[in-house]
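Descriptive analysis of the structure
Read off the chains here:
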Amino acid sequence: MLSIDYIRSVLTERDHEPVAFRGHASQAAVAMILADSEHCSGGGSELEVCFIRRAERPGDPWSGQVAFPGGRAGPQDPDAHAVAERETWEEIGMTLEPEHRVGPLPIRPIDRADLREPMTLSPFVYYVDRITRESAFARIPEEVAHVFWVPMSHIFDEDAVTELEYPIAGSWSAFPGILFGEHVIWGLTLRVLDSFAEITQRTLPALRNSNW
């Protein structure tokens, strides 16, 4: 079982070069928020991960998809941390403080044909207490349809592996994913989880035999 102390140690030890931040819409950041399970207490509780399902909106490249809280940088954001924390508040009403920061994950390019220009994603891991966890809700239903928490063990469960059909350039393609209830975690969010798995010396079953 992954512990927050272990996660903090491996993220702190790895070299990380922050993206040159310009507060531009071509830059984005997300928060991978961890918390102890609400069904457990004490040192043996399992970590869970916060996800959102985006509302279905015309013109949104990620309409209806599962994601981490986050979004694009604005001119008021001094750095990528500020983007993740501001967007988390706007989307799920959760206030992330500096003491909640655990460490950064590798920066990822976002290069999609339906985007006007390539984007850069800075993911960060956070760990929150129970009171902060309970503050999460879909604050703006027009943007976020649902907030839900997934046990860490489920993310690494072989039985949760699935595929999702998605149209790309006019044709349907199959993409690997993690099934949780009615939700499928896939795409860029799955890539961020893969970075997390690699750093914590785990293998993400959803991508084990995938060429994607």
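Structure: see above.
Presented here is an overview of the structure given in this document. Please read these numbers as outputs of a predicted model, since none were measured by experiment.

Conventions and cut-offs
Note that residues are indexed from 1 along each chain, following the sequence as it is written. In keeping with the predicted nature of the model, local features appear solely for residues at pLDDT of at least 70, side-chain atom pairs appear and are counted solely at 80 or more, and the whole-chain, interface and lining totals rest on all residues. In computing side-chain values, all of the structure's heavy atoms are included and hydrogens and water are not. The rule is simple: take the accessible area with a 1.4 Å probe, protein chains only, and divide by the maximum for that residue type; under 20% is buried, over 50% is exposed, in between is partly exposed. Numbered from the N terminus, helices here are DSSP runs of H or I no shorter than four residues, and strands are runs of E no shorter than two. DSSP calls a pair of strands paired once it identifies at least 2 bridges connecting them. Two residues qualify as a contact provided that any one of their heavy atoms is within 4.5 Å of a heavy atom in the partner residue.

Comments concerning the pairing of strand E2 (residues 47-54)
- Buried residues dominate E2, accounting for 7 of its 8 residues.
- Across 3 bridges, the pairing between strand E1 (residues 27-36) and E2 is antiparallel. In the sheet register, Asp36 faces E2, and the bridge partner there is Leu47.
- One ladder, built from 7 bridges, connects E2 with strand E8 (residues 144-151); its direction is antiparallel. Residue Glu48 lies in a different strand from E8, and its bridge partner there is Pro151.
- For E2 and strand E3 (residues 66-67), the ladder comprises 2 bridges, and the chain directions are antiparallel. Note that in E3 the partner of Arg53 across the bridge is Val66.

A closer look at the environment of Val125
- Looking at where Val125 falls in the secondary structure, it is placed in strand E7 (residues 119-128).
- Accessibility expressed as a relative area gives 0% for Val125, which makes it buried.
- Each C-alpha atom, one on Val125 and one on Ala31, is 5.9 Å from the other, the two residues being 94 residues apart in sequence.
- Among all residues touching Val125, those that are not within four sequence positions of it are Leu11, Met32, Leu34, His100, Arg101, Val102, Gly103, Leu105 and Phe196.

Describing the environment of Leu96
- Along the chain, the position of Leu96 falls in the loop between helix H2 (80-92) and strand E5 (101-104).
- On the basis of relative accessibility, which here comes to 6%, the residue Leu96 falls in the buried class.
- Along the backbone, Leu96 and His81 are 15 residues apart, and their C-alpha atoms lie at a distance of 9.8 Å.

Some details on the side chain of Arg86
- Here Arg86 shows up in helix H2.
- With a relative accessible area of 18%, Arg86 lands in the buried category.
- Discounting residues that sit within four places of it in the chain, Arg86 has contacts with Arg72, Ala73, Gly74, Gln76 and Asp77.

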